[in-house]
Amino acid sequence: MEELDKLKRDWQQRDHKFPSLTEQDLYKMLHRKSSSIVKWILIISLLEFLLLVGISSCYSFDSFKQISKHREIEAAIEIVNYLNFGVIAIFIYFFYKNYKSISTTASTKKLMSQILHTRKTVRNYVYYNLILAGLSFIFALIVALNESSEVKGLQQDLNEHVYLKVMMVVLILILFLVFLGVFWLYYKLLYGILLKRLYKNYEELKKIDQ
Amino acid sequence: MSKELEELFVQQLRANQNIVHKICRLYTRDQEAHNDLFQEITIQLWKAFPQFRGDSKFSTWAYRVALNTAITLYRKSTKMATVAFEANWHLPQEDYNFEEEEQLKRLYEAFYTLSDIEKALVFLYLEDKDYAEISETLGISEVNARVRMNRIKGKLKKLINP
């Protein structure tokens, strides 16, 4: 007889002895705290959203209003800010929809893809913020450089200030890269701890069907 | 209303608890983790119970939720077994045949070393589920479920007869 059939025969015949839990035991379990990764994903994702929304509203409002003397640029910045809120609302909507679709009664593969999809929404929001931050930074730089040269006008002054400005730019660039580094590390950790097993199992399921 | 639902759920779960126990034993290495996972599966089953329409059997539905919880949702890492947990499996049956018993022991140990997904596949097979149900539960095609099963059979053969 084949090995697996031997195993099956034994499995079926064997009296799998387990401590029999009473209804009282089970009642107590119903309302205890869950240690599901879905719960953790929700908490972490909400914190991420809050943090990013908080940061983006900080730098978009205060620093930029000061940057430009031109009305049009100020107006443009206002519009971008409002659009940004719209984008945030869309992301939150998709996140909520994806989170709600996570179901333990779906197939194993479907459940995994639902969870990964939900995380992807947050990840995309982070990317969006990084890109927006990068673009805003470049934009602010251009505006600042243009306006200061308009005001001063003198070649001498411009030379002096260029040195300082370049220093500032380099410093802020380094800071920006450090931020990126911190983000990257954070995500590696997050995926490493929380989702490593899920990814591994999901890849295996995908491989079976290739 | 909810009290009645709770009662109904607990009754069903108590009657079918062995399914959950078997899965816990499969995916944990000591009694504490076993109890922990049982707890988590109970919570997940209860969460999903209101949507359980009864158009399938409670047991069939429970297999899915319990496996999903053990494989995907359960968060706590399993500690190293302080006692050789597998030894608990191999209580000598009637008509004790040493060679057969040894082979069975090795089979169970091999079963234990399979990946999360392969364990689920073999477990459902041992529980006498057909390939249609196995493939539906895991989310793979029936053809490929058989292919993978054949590969596992080969793996087991090699492990038993080195």
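Within any chain, residue numbers begin from 1 and follow the written order of that chain's sequence. Starting at A for chains and at 1 for ligands, labels are handed out in the order in which the entities are written. Given that the model is predicted, a residue must reach a pLDDT of at least 70 before its local features are reported, and side-chain atom pairs must reach 80 or more before they are shown or counted; all residues, however, enter totals for whole chains, interfaces and linings. Only hydrogens and water are set aside when side-chain values are computed; all heavy atoms of the structure are taken into account.

## Let's talk about the overall build of chain B
Here comes step 1: The helix and strand labels rest on DSSP assignments: H or I over at least four residues marks a helix, E over at least two residues marks a strand, and numbering proceeds from the N terminus. Counting secondary structure elements, chain B contains eight helices and zero strands.
Here comes step 2: Traced from its N-terminal end to its C-terminal end, chain B shows the element sequence α-α-α-α-α-α-α-α.
Here comes step 3: Classification of residues uses two cut-offs on accessible area relative to the type maximum, computed with a 1.4 Å probe and protein chains only: under 20% is buried, over 50% is exposed, and between them is partly exposed. By the burial criterion, 55% of the 162 residues in chain B qualify as buried.

## What about the confidence of the model for chain B?
All names here are of chain B.
Here comes step 1: pLDDT is a per-residue confidence score from the predictor, ranging from 0 to 100. Scored by pLDDT, chain B has a mean of 87; 87% of the residues are at 70 or more.
Here comes step 2: Overall, residues 79-85 carries pLDDT values under 50, and its contacts beyond four positions in sequence, including any with other chains, amount to 10 contacts.
Here comes step 3: Reported confidences for the modelled complex are a pTM of 0.84 and an ipTM of 0.88. Only heavy atoms matter for contacts: two residues are in contact if any of them lie within 4.5 Å across the pair.

## A closer look at unusual backbone geometry
Here comes step 1: Even without glycine at this site, Asp128(B) takes up a positive phi of about 70°.
Here comes step 2: Mapping Asp128(B) onto the fold places it in the loop between helix H6 (116-126) and helix H7 (131-138).

## Some details on the packing of helix H1 (residues 3-13) of chain A against H6(B)
Here comes step 1: The contact between H1(A) and H6(B) brings their axes to 9 Å, and the two run at 60°. Between H1(A) and H6(B), the interaxial angle falls into the category oblique. In this structure, H1(A) meets H6(B) at a crossing whose hand is right-handed. Seen from H1(A), the contacting residues are Leu4(A), Asp5(A), Leu7(A), Lys8(A), Trp11(A) and Gln12(A); seen from H6(B), they are Val122(B), Phe123(B), Tyr125(B) and Leu126(B). In this description, a line fitted to the C-alpha atoms serves as the axis of each element, helices being fitted only across the stretch in contact, and the angle between N-to-C directions of two axes falls anywhere from 0 to 180 degrees. Note that the term roughly parallel is reserved for angles under 35 degrees, roughly antiparallel for angles over 145, roughly perpendicular for angles of 65 to 115, and oblique for everything else. Take the far helix as your reference; a near helix turned counterclockwise from it by less than a right angle gives a left-handed crossing, and one turned clockwise gives a right-handed crossing.

## Describing the pattern of salt bridges
Here comes step 1: Within this document, salt bridges are pairs made up of a side-chain nitrogen of Lys or Arg and a carboxyl oxygen of Asp or Glu, the two lying within 4 Å of each other. This structure, assessed with the given rule, holds 14 salt bridges over all chains.
Here comes step 2: Salt-bridge contacts for Glu100(B) lead to Arg9(A); the nearest nitrogen and oxygen are separated by 3.9 Å. Remark: Arg9(A) occurs in helix H1 and Glu100(B) occurs in helix H5 (residues 98-113); the pair is interchain, linking two chains.
Here comes step 3: For Glu100(B), a relative accessible area of 42% puts it in the partly exposed group.
Here comes step 4: By relative accessible area, which is 42% here, Arg9(A) ends up partly exposed.
Here comes step 5: A salt bridge links Glu23(A) to Arg14(B); the shortest N-O distance between them is 3.4 Å. A residue pair is termed interchain when its members come from two chains, as with Glu23(A) in helix H2 (residues 23-30) and Arg14(B) in helix H1 (residues 2-15).
Here comes step 6: A relative accessible area of 26% places Glu23(A) in the partly exposed class.
Here comes step 7: Linked by salt bridges that have partners in common, Glu204(A), Glu118(B), Arg148(B) and Lys155(B) make up one network.

## With respect to the nonpolar core
Here comes step 1: As used in this record, nonpolar core signifies buried Ala, Val, Leu, Ile, Met, Phe, Trp, Tyr and Cys residues forming a set joined through side-chain atoms within 4.5 Å. If you look at the biggest cluster of nonpolar residues, it comprises 85 residues, and the most contacted ones within it are Ile115(A), Phe9(B), Ile23(B), Tyr27(B), Leu45(B), Phe111(B) and Phe123(B).
Here comes step 2: Counting residues per element, this core draws most heavily on helix H4 (residues 58-73) of chain B, at 10 residues.

## Comments concerning the interface of chain A and chain B
Here comes step 1: Counting residues at the interface gives 51 residues for chain A, matched by 67 residues for chain B.
Here comes step 2: There are five salt bridges connecting chain A and chain B.
Here comes step 3: Each polar contact in these results corresponds to two N or O atoms within 3.5 Å; when the atoms are within protein, one needs to be able to donate a hydrogen and the other to accept it, and residues that are neighboring in sequence are counted only if both atoms are side-chain atoms. At the boundary of chain A and chain B, one finds 29 residue pairs in polar contact (both at pLDDT 80 or more).
Here comes step 4: Elements supplying a minimum of two residues to the side of chain A that touches chain B: H1, H2, helix H3 (37-67), helix H5 (108-152) and helix H6 (155-208) of chain A.
Here comes step 5: Ranked by the residues each element gives to the side of chain A that touches chain B, the list is headed by H1(A), at 10 residues.
Here comes step 6: Throughout this entry, Asp, Glu, Lys and Arg are counted as charged residues, while Ala, Val, Leu, Ile, Met, Phe, Trp, Tyr, Cys and Pro are counted as nonpolar. The remaining residues, Gly among them, count as polar. Here the side of chain A that touches chain B is composed, by residue class, of 22 nonpolar, 13 polar and 16 charged.

## Re helix H3 (residues 31-48) of chain B
Residue and element names in this part refer to chain B.
Here comes step 1: Take the number of residues in a helix, subtract one, and multiply by 1.5 Å to get its expected span. If you check H3, its first and last C-alpha atoms are 26 Å apart, about what 18 residues at 1.5 Å a residue would give, namely 26 Å.
Here comes step 2: Most of H3 sits inside the fold, with 13 of its 18 residues counted as buried.
Here comes step 3: Between the side-chain oxygen at the start of H3 and the backbone nitrogen of Glu-32 there is a gap of 3.1 Å, and the oxygen is on Asp-30.

## A closer look at the environment of Val10(B)
Here comes step 1: Along the polypeptide, Val10(B) turns up in helix H1.
Here comes step 2: Judged by its relative accessible area of 0%, Val10(B) is buried.
Here comes step 3: Sequence-wise, Val10(B) and Trp46(B) are 36 residues apart; in three dimensions their C-alpha atoms are separated by 8.8 Å.
Here comes step 4: Every residue in contact with Val10(B), bar those within four places of it in the chain, is listed here: Glu23(A), Leu26(A), Tyr27(A) and Leu30(A).

## Notes on the packing of aromatic side chains
Here comes step 1: Two aromatic rings, drawn from Phe, Tyr or Trp (for Trp, its six-membered ring), form a pair once their centres lie within 6.5 Å of each other, and the interplanar angle then sorts them: stacked below 30 degrees, edge-to-face above 60, tilted otherwise. Tallied over the full model, the rule gives 22 aromatic pairs over all chains.
Here comes step 2: On the basis of an interplanar angle of 15° and a centroid distance of 6.4 Å, the ring pair of Phe95(A) and Tyr99(A) is categorised as stacked. In this pair, Phe95(A) and Tyr99(A) are both assigned in helix H4 (residues 71-100), four residues apart and thus about one turn of the helix distant.
Here comes step 3: Classification of Phe95(A) by relative accessible area gives buried; the value is 5%.
Here comes step 4: Through a chain of ring-to-ring contacts, three or more aromatic side chains come together here, namely Phe49(A), Phe91(A), Phe95(A), Tyr99(A), Tyr125(A) and Tyr128(A).
Here comes step 5: Seen from the ring of Tyr27(B), Lys119(B) lies directly overhead, with NZ or CZ sitting 5.2 Å from the centre.
Here comes step 6: Geometrically, a lysine NZ or arginine CZ counts as sitting over a ring once it is within 6 Å of the ring centre and also within 35 degrees of the ring normal. Lys119(B) extends its terminal NZ or CZ atom over the ring of Tyr112(B), reaching a point 5.3 Å from the ring centre.

## Some thoughts on the side chain of Thr108(A)
Here comes step 1: Position of Thr108(A) among the secondary structure elements: in helix H5.
Here comes step 2: On the basis of relative accessibility, which here comes to 0%, the residue Thr108(A) falls in the buried class.
Here comes step 3: Apart from the residues lying within four places of it in its own chain, the contact partners of Thr108(A) are Leu205(A), Asn68(B), Thr72(B), Thr137(B) and Leu138(B).

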